[in-house]
Amino acid sequence: MEWQSYIALGIVAITLVIFAFRLFFKKKSKKSCGHGCGCAANEKQ
Amino acid sequence: MSENPSIIALLGNPNSGKSTLFNALTGKNQRVGNYAGVTVEVKSGETYTPHGKKLHVLDLPGCYSLRTDAGSPDEQIALDALTGKLDGIAKPDLVVCVVDASNLERHLQLVLQVIELGLPCVLALNMVDVAEKSGLRLDPAKLSEELGIPVVPMQANASKGIIELKQALRHPFPHASEVSWLTQTDNLETNRRAFVASLCELAARRPDSQQRNFTDRLDSILLHPFLGWVAFLAIMFILFWSIFSFASIPMDFIDSALGSFGEWVNAMMPEGDLRSLLVDGVIGGVGGVLVFLPQILLLFFFIGLLESSGYMSRAAFLMDHVMAKAGLSGKAFLPLFSSYACAIPGVMATRTIDSAKERLVTIFVAPWMSCSARLPVYFLIIPLLLHENEGTWKQALVLFCIYTLGTLTAFLAARILRGKLGPDKIVRHFMLELPPYRRPQWSYVFRHVLDRGWAFVRKAGTIILGLSILLWALKTYPKSDSTDPGEVLAHSAMGRIGELIEPVVKPLGFDGRTGTAILTSFAAREVFVSSIAIIFSVEETDDDVKNRSLIRAKMQTATWPDGRPLFTSMSLISLLVFFIYALQCLPTTAVVARESGSWKWAVGQFAFMSGFAYLASWLIFQTGSLLGF
Amino acid sequence: MTTRQPSQRQLTLNEVSLNCDVRISSLNGPACDRLRDLGFCEQMQLRKISNGRNLVCTVCGAKMAISRELAEQVLVDPIR
C-alpha cells in the first residue's frame, strides 16, 4: 500500500532528524551519566 | 518573603548514614551502600522546615577528617564544599554532622573540626539503636552542653528523629559554637583528641567488655582466610545462577506477550511497509531487548542486597591480596565491582582511591568488568552455544567464566600499566572500615531496582527504538523486485554496508550481517540484539512471529552463501570475546575523560580496547578453527 | 607522654596475639595522623581479631582493617 510506505518513510525521517539533533546540537552536559544507566548520580544538582 | 533558601550540608564519616538521612529529608533515592565510597559527588536536594521554609540540602562525600592535606579526592571535595570553594555550590549556612552513636570516639573529631571552621553546626546522633544494643550509655544532653550545639538522637534508616532534626533546623539557625578546647597554644590536634576523650567519658560510656555479636560471628567465617574465599565465590556464583534460573518465567511471559502483540498487528493491518516497520522493526527490535528486563532487575536486586548488608567491605578486604597482585589495592575493588553494573558510577567511585596513579589504572581497566548492558548479548548467545534452553547451571557457569575472563585480563592489564606508571611519591597504605552487618533497607533496595529497571525500559524506548527504526529502514531500502529474501537484503543499504564490512570481520568468524550488527552496537551494546533480530528476520507468513527463542532459531538456521552454518561454536565464542573486550559506550568515554582529566586517556582507552577486542576475537577464532573446532 | 617502667617492652600491633585486649600507648611513624583519624588514638583500647597481610582490629566500637606497615606504627601495652 502506498500510504503505508509514506508513513513508514515519514517515521524514519523524523527519527533521523531527532538523532541528528541530539548528536550535533544538544549541549553535551556530561555531568554524570546523562543517559539511562539508571544510577542516581544524574539527579539535578 | 522570597529570600534565598538556606543551604545545609550533611557531613560525616563514611557509613554514618548521611545518604540515608539525605534520602529521608529530601525524598530522593540517592545511592546508599554500607561501605565507604558510595557518595563521591556532592548531591543536592531540597527539604522544608516545619514552618515551611525551603532548605537546600547537600550530601557531602564521607570523610574521616578535614585536613588540608586530605587523603583522597572525595575528602578534598568535602572540605572545599564547606569552605565555599566548590564551583557552583555556595558555602553552606549550617552543617549537620551525622555521627554514628556507637563510635563517637572517632566521629566526634569531625564535629570539632567543623566548629573550628566557624560554621554553625547541629549534631545528628545517628544509629542510636545500634549504640544501645552494644551497651553504650549515651547522654545527648550532656554532649550538647559540652559542645555548645544542638544534638538530635536519631535512627535515619527507620526515619526516627527526622522531625526533631527539622525542628533543630528552624530559623534562625543556631550560632557557631566556640572552640572551647583550644586552651594552650600548642598542638590543636592533641587538644581536640583530649577533648573528645573526655566527652566520651562523660556522655558515651562504653561497657567494659566487648561482647561477640552477630557481626563478629558472621565475620569469623566471612573474613576467614580460606572459608572467606569459599563464601565469596559461592555468593558470586549463586548470584549468577539465580539470574538465569529465576528470570526465565517472567522472560517467557514478556516474550509471548510481545509475540501475541506482533501477531495482532499483523492481523489488523494489510501487508505493507508500515506493518513491516511496526512488527519487524519496532516490536522485533525493541522487544528483543525488553525481554531481558527480568534478568537486569534481578542483577540489581542482588547487588543492592550485597551493598546494603555490609558485605561489600568484607569482599574488598578479601580482594586486597588479589588486587595487590594486579598492582592495585583493596580500595580499587569497590569501583571495579560497581562497574559490573555500569562502568560510569564505577569510574566515579575511584575518587576514594588515594593514589593518583592507581586511580588512573583503575579507571582504565574498569570497562572490562562486563557491565549490565552486555547481558542481553550474553544471554542471547550463551544458550545458542550450549544448544539448550535456559535455566541450567551450565549457562551460569559460562557466564561466570565470561566475567572471570574479563576480570583476569583487566587485572593483568592493570599490573602492566601500573608498572609502567611507576611508584607513588607518597606511599599509601591499606585501611578500610568494616561496618557492622545491617539488615538490608528493603524499601531502598526495591526503589533502586525499580529505578534501574525503568532506566533500562526508557533506554529501550528511546535510543534502541530509534536505532531499530533506522536499522529497519537500512534493511528495507532501497527496495528490490525480487521475492528471494537474500537478494532483497543484498540490494538494501544494509546489505551494501555488510558487503563492505565483511572482509574486515570475516577473519573473526562473522559475515557482513553480523558485522553490521556489531557496528550498530557501538551506539549501545543492547542494540546488537535488536539488530540481529531485524537483520535476520525473514518475511513471515502467519505463524512465525510466535516463539521467543525465535531470534536464536533464526541464528541457528543462518548460513553463509555456500550453505555452511554461520553461527558455529567458534564464531559464537569469538563474538562473546569481542563483546567482553570492546568499549562500546560513549558516555563511559566521556566520564573517563572527565575523571582522568584528559581526553588523551579516554581516546587511548577506546582505541586500545577496540583494537584488543578485534585481536582477541581474531586469535580465538583462527586458533579454534585451526584446531578443528 | 606516659612515663614508662624500664622493664615494660613496647609491642607493635603486629606482635600482639589474637583476641588480646591492648591499649595504644603511642603512634610512631609517617601515617600517625591518618591512623588517629581512623580511631587509633593514644589511650584507645583495641583488640586484634585477625592477622595476615592486613590486620583486623576492633577499636572504639568499630572494626578496622589496616595493613601490616600501618600496624607497625602503632605501639601498644597489653591490658591485664
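Residues numbered from 1 in each chain as written. Chains lettered and ligands numbered in written order. Predicted model: local features only at pLDDT ≥ 70, side-chain atom pairs only at ≥ 80, totals over all residues. Heavy atoms only, no water.

**Digging into the overall build of chain A**
Here is the rule we go by: Here a strand is any run of E in DSSP of at least two residues, a helix any run of H or I of at least four, and the numbering for each starts at the N terminus. Summary of the burial criterion: residues with accessible area below 20% of their type's maximum are buried, those above 50% are exposed, and those between are partly exposed, where the area comes from a 1.4 Å probe applied to protein chains only. Per-residue and other accessible areas follow the Shrake-Rupley method at a 1.4 Å probe size, with only the shown protein chains counted as cover for residues.
On a plain count of helices and strands, chain A comes out with one helix and zero strands. Taking all 45 residues of chain A together, 29% fall into the buried category. Accessible surface computed for chain A: about 3,300 Å², of which carbon and sulfur atoms make up 70%.

**Considerations on the overall build of chain C**
The following threshold applies: By definition, residues are in contact when any of their heavy atoms lie within 4.5 Å.
Scanning chain C from terminus to terminus reveals two helices and six strands. Every one of the 80 residues in chain C was classed for burial, and the buried ones make up 56%. Considering only residue pairs separated by 6 or more positions, chain C has 56% of its internal contacts joining residues 24 or more positions apart. A total of about 3,800 Å² of accessible surface is found on chain C, and carbon and sulfur atoms cover 48% of it.

**Structural notes on the packing of helix α9 (residues 227-246) of chain B against helix α10 (residues 248-268) of chain B**
Residue and element names in this part refer to chain B. Heads up, the rule is: Lines fitted to C-alpha atoms define the axes, with helix axes restricted to the stretch in contact, and inter-axis angles between N-to-C directions lie between 0 and 180 degrees. Three classes are used: nonpolar for Ala, Val, Leu, Ile, Met, Phe, Trp, Tyr, Cys and Pro, charged for Asp, Glu, Lys and Arg, and polar for all others, with Gly counted as polar.
Running from N to C, α9 and α10 point in directions that differ by 35°, and their axes come no closer than 5 Å. Facing Phe 244, Ser 245 and Phe 246 of α9, the residues of α10 in contact are Ser 248, Ile 249 and Pro 250. Classifying every residue of the contact of α9 with α10 gives four nonpolar, two polar and no charged.

**Quick look at the sheet that holds strand β5 (residues 62-67) of chain C**
Rules: Whether two strands pair depends on DSSP finding at least two bridges between them.
Taken in spatial order, the seven strands make up an open sheet running β9(B)-β5(C)-β4(C)-β3(C)-β2(C)-β6(C)-β1(C), and their pairing is antiparallel. The open sheet has two edge strands with one neighbour each: β9 (431-434) of chain B together with β1 (11-12) of chain C. Judged from the six bridges that link them, strand β4 (residues 54-59) of chain C and β5(C) form a sheet pairing that is antiparallel. In the sheet register, C:Asn54 faces β5(C), and the bridge partner there is C:Ser67.

**Some details on the packing of aromatic side chains**
Residue and element names in this part refer to chain B. In plain terms, the rule: When two rings of Phe, Tyr or Trp (its six-membered ring) have centres within 6.5 Å they constitute a pair, described as stacked for plane angles under 30 degrees, edge-to-face for angles over 60, and tilted for the intermediate range. Only when the NZ of Lys or the CZ of Arg is both within 6 Å of the ring centre and within 35 degrees of the ring normal is a charge said to sit over the ring.
Inspection of the entire model under this criterion finds 25 aromatic pairs over all chains. Here Phe 337 and Tyr 340 contribute two aromatic rings whose centre-to-centre distance is 5.7 Å and whose plane-to-plane angle is 80°, an arrangement assigned as edge-to-face. Classification of Tyr 340 as buried rests on a relative accessible area of 17%. For the pair Trp 368 and Phe 608, a centre-to-centre distance of 6.0 Å together with 40° between the ring planes defines the contact as tilted. With Trp 368 in the loop between α16 (356-365) and α17 (375-386) and Phe 608 in helix α27 (residues 599-626), this pair connects stretches of sequence that are 240 residues apart. Take Trp 368: its relative accessible area is 1%, and that puts it in the buried class. The partly exposed category is assigned to Phe 608, whose relative accessible area is 37%. Three or more aromatic residues joined by ring pairs make a cluster, and in this case those are Trp 229, Phe 232, Phe 333, Phe 337, Tyr 340, Tyr 378 and Tyr 403. Across the ring face of Tyr 437, the terminal group of Arg 314 is positioned such that the distance to the ring centre comes to 4.1 Å.

**Looking at the interface of chain B and chain C**
The cut-off we apply is this: Buried surface area refers to the total accessible area, computed with a probe of radius 1.4 Å, that the two partners give up upon joining, counted for both partners together. The term salt bridge refers to a side-chain nitrogen of Lys or Arg lying within 4 Å of a carboxyl oxygen of Asp or Glu.
Between chain B and chain C, the contact holds 30 residues from the first and 25 residues from the second. A combined buried area of about 2,500 Å² lies between chain B and chain C, and 53% of that area is made up of carbon and sulfur atoms. The interface formed by chain B and chain C holds two salt bridges in total. The partner of B:Asp219 in a salt bridge is C:Lys63, and the shortest N-O contact between them spans 2.5 Å.

**Things to note about the sheet that holds strand β2 (residues 43-48) of chain B**
Residues and elements named next belong to chain B. Read across the open sheet, the six strands follow the order β2-β3-β1-β4-β5-β7; overall the sheet is mixed. Every other strand in the sheet has two partners, leaving β2 and β7 (151-153) as the edge strands with one partner each. In this sheet, neighbouring strand axes are inclined to one another by 25° on average, regardless of whether the strands run parallel or antiparallel. Pairing of strand β1 (residues 6-12) with strand β4 (residues 94-100) involves five bridges; the strand directions are parallel. From the neighbouring strand, Leu 10 faces β4, where its bridge partner is Val 96. Across the sheet, helix α1 (residues 18-26) touches β1, β2, β3 (54-59), β4 and β5 (121-126), and the angle it forms with β2 is around 45°.

**Some words on the packing of helix α1 (residues 2-25) of chain A against helix α19 (residues 442-476) of chain B**
The test is simple: Should an angle fall under 35 degrees it is taken as roughly parallel, and over 145 as roughly antiparallel, whereas 65 to 115 is taken as roughly perpendicular and any remaining angle as oblique. Crossing handedness follows the turn of the near helix against the far one: under a right angle anticlockwise gives a left-handed crossing, and clockwise gives a right-handed one.
Across the interface, α1(A) lies against α19(B) with an axial gap of 9 Å and an inter-helix angle of 130°. Here α1(A) is positioned oblique relative to α19(B), judged by the angle of their axes. α19(B) is crossed by α1(A), and the crossing has left-handed handedness. Facing A:Ala8, A:Ile11, A:Val12, A:Thr15, A:Leu16, A:Phe19 and A:Arg22 of α1(A), the residues of α19(B) in contact are B:Ile463, B:Gly466, B:Leu467, B:Ile469, B:Leu470, B:Trp472 and B:Ala473. Residues of the contact of α1(A) with α19(B), tallied by class, amount to 11 nonpolar, two polar and one charged.

**Topic: a nonpolar patch on the surface**
All names here are of chain B. Basically, it comes down to this: Two joining distances apply to patches: 9 Å for like charges and 5 Å for nonpolar side chains (Val, Leu, Ile, Met, Phe, Trp, Tyr), and every residue must have over 30% relative accessible area and no salt bridge.
On the surface, a nonpolar cluster with roughly 470 Å² of combined accessible area is contributed by Val 504, Tyr 614, Leu 615, Trp 618 and Leu 619. Looking at the nonpolar patch element by element, the count peaks at four residues for α27. Relative to the assigned elements, Leu 619 resides in helix α27.

**A look at the environment of B:Leu25**
All names here are of chain B. Within the secondary structure layout, Leu 25 lies in helix α1. Along the sequence, Leu 25 and Tyr 48 sit 23 residues apart, while their C-alpha atoms lie 8.4 Å from each other. Ignoring sequence-local partners within four residues, the contact set of Leu 25 consists of Glu 46, Thr 47, Ile 162, Leu 165 and Lys 166.

**Some remarks on the nonpolar core**
All names here are of chain B. Rules: Grouping buried Ala, Val, Leu, Ile, Met, Phe, Trp, Tyr and Cys residues that are joined through side-chain atoms within 4.5 Å yields what is termed a nonpolar core.
Phe 333, Tyr 378, Leu 399, Phe 528 and Phe 567 are the most contacted members of the largest nonpolar core, which has 126 residues in total. The element best represented in this core is helix α18 (residues 393-421), accounting for 10 residues. Ignoring sequence-local partners within four residues, the contact set of Phe 567 consists of Thr 514, Ile 532, Phe 536, Met 555, Ala 558, Leu 572 and Leu 575. If you look at the next biggest cluster of nonpolar residues, it comprises 43 residues, including Leu 79, Ile 89, Leu 108 and Cys 200.

**Structural notes on the confidence of the model for chain A**
The condition is simple: pLDDT measures the predictor's confidence residue by residue and takes values from 0 up to 100.
Mean pLDDT for chain A: 65, with 53% of residues reaching 70 or above. Within the model, pLDDT remains below 50 along residues 29-45 of chain A, and this stretch shows 43 contacts once partners closer than five positions in the same chain are excluded.

**Some details on the pairing of β4(C)**
Residues and elements named next belong to chain C. Burial of β4 is extensive: six of the six residues sit out of reach of the surface. Alignment of strand β3 (residues 45-50) against β4, held across four bridges, turns out to be antiparallel. Note on β4: the bridge partner recorded for Arg 47 is Thr 58. The hairpin turn running from β3 into β4, its antiparallel successor, is three residues long, and Gly 52 in that turn takes a positive phi close to 125°. The antiparallel hairpin formed by β4 and β5 contains two residues in its connecting segment, where Cys 60 sits at a positive phi of about 35°.

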